Amino acid sequence: MTSEEADNETVVRQVFDDLPFPAYRWQLIAQATVYGADSVTMAKLHRLPPRRYADPEEVAATILATRYARPRPRRYRPVVIPMNVKHRPLVVAVAVPD
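Summarised in this report is the structure supplied together with it. Note that the coordinates shown come from a computational prediction; the quantities given were computed from them, not determined experimentally. (Residues numbered from 1 in each chain as written. Predicted model: local features only at pLDDT ≥ 70, side-chain atom pairs only at ≥ 80, totals over all residues. Heavy atoms only, no water.)

## A look at the overall build of the protein chain
Point 1. On a plain count of helices and strands, the protein chain comes out with four helices and two strands.
Point 2. Traced from its N-terminal end to its C-terminal end, the protein chain shows the element sequence α-β-α-α-β-α.
Point 3. By residue count, 26% of the 98 residues in the protein chain fall in the buried class.
Point 4. Excluding contacts between residues fewer than 6 apart, the proportion of contacts in the protein chain whose partners are at least 24 apart in sequence is 46%.
Point 5. Counting only carbon and sulfur atoms, one obtains 57% of the accessible surface of the protein chain, whose full area is about 8200 Å². (Helix = DSSP H or I, 4+ residues; strand = E, 2+ residues; numbered from the N terminus. Buried < 20%, exposed > 50% of the residue type's maximum accessible area, 1.4 Å probe, protein only. Contact = heavy atoms within 4.5 Å. Areas by Shrake-Rupley, 256 points an atom, 1.4 Å probe, with all protein chains shown as cover.)

## Notes on unusual backbone geometry
Point 1. The amide bond that connects Phe 21 to the next residue, Pro 22, takes the cis arrangement and shows omega of 5°.
Point 2. Note that Pro 22 resides in the loop between helix 1 (3-15) and strand 1 (23-24).

## Brief notes about the nonpolar core
Point 1. Counting residues in hydrophobic clusters, the biggest one holds 16 residues, and the most contacted among them are Phe 16, Leu 28, Leu 45, Leu 48 and Val 59.
Point 2. Of all elements in the fold, only helix 1, helix 2 (25-35), helix 3 (39-46) and helix 4 (56-65) reach the threshold of two or more residues within this core.
Point 3. Here Leu 45 is in contact with Phe 16, Arg 25, Leu 28, Ile 29, Ala 32 and Ile 63, once residues within four sequence places are set aside. (Core = buried A, V, L, I, M, F, W, Y, C linked by side-chain atoms within 4.5 Å.)

## What about the environment of Arg 25?
Point 1. Position of Arg 25 relative to the elements: it lies in helix 2.
Point 2. Given a relative accessible area of 18%, Arg 25 falls into the buried group.
Point 3. Not counting residues up to four positions away in its chain, the partners in contact with Arg 25 are Leu 45, His 46, Leu 48, Pro 49, Pro 50, Arg 51 and Tyr 53.
Point 4. From its side chain, Arg 25 meets the backbone oxygen of Leu 48 in a polar contact 3.0 Å long. (Polar contact = N/O pair within 3.5 Å; in protein donor to acceptor, adjacent residues only side chain to side chain.)

## So, the packing of helix 2 against helix 3
Point 1. Direction vectors running N to C along helix 2 and helix 3 enclose 175°, while the axes themselves pass 10 Å from each other. It follows that helix 2 is roughly antiparallel to helix 3 by the angle criterion. Side by side, helix 2 and helix 3 meet where Arg 25, Leu 28, Ile 29, Ala 32 and Thr 33 of the first sit next to Met 42, Leu 45 and His 46 of the second.
Point 2. A class-by-class count of the residues in the contact of helix 2 with helix 3 yields five nonpolar, two polar and one charged. (Axes fitted to C-alpha atoms, helices over the stretch in contact; angles between N-to-C directions. Parallel < 35°, antiparallel > 145°, perpendicular 65-115°, else oblique. Nonpolar A, V, L, I, M, F, W, Y, C, P; charged D, E, K, R; others polar.)

Keep in mind that these numbers describe shape and distance, not what the molecule does.
Pasting the structure below:
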């Protein structure tokens, strides 16, 4: 076992100690965020394929398998603002004290 494998196993055991498995990737990322994981660990988790993981050992093995993979780019949808919609003025009723 190399030092990188040992470091991954240690981090995975610390962060996911109380997480019930099987767990999805989003649950791993949420747990690491709550735990306060550093940016290197978060980058490793974002590189994981989006699927369900059976146990912490599988997470550590997948982290090693994807260590040189780049995270998938997020796809954003452009916000479409309709320009030809008639807007009604905002009318607010104000109560005047007597």
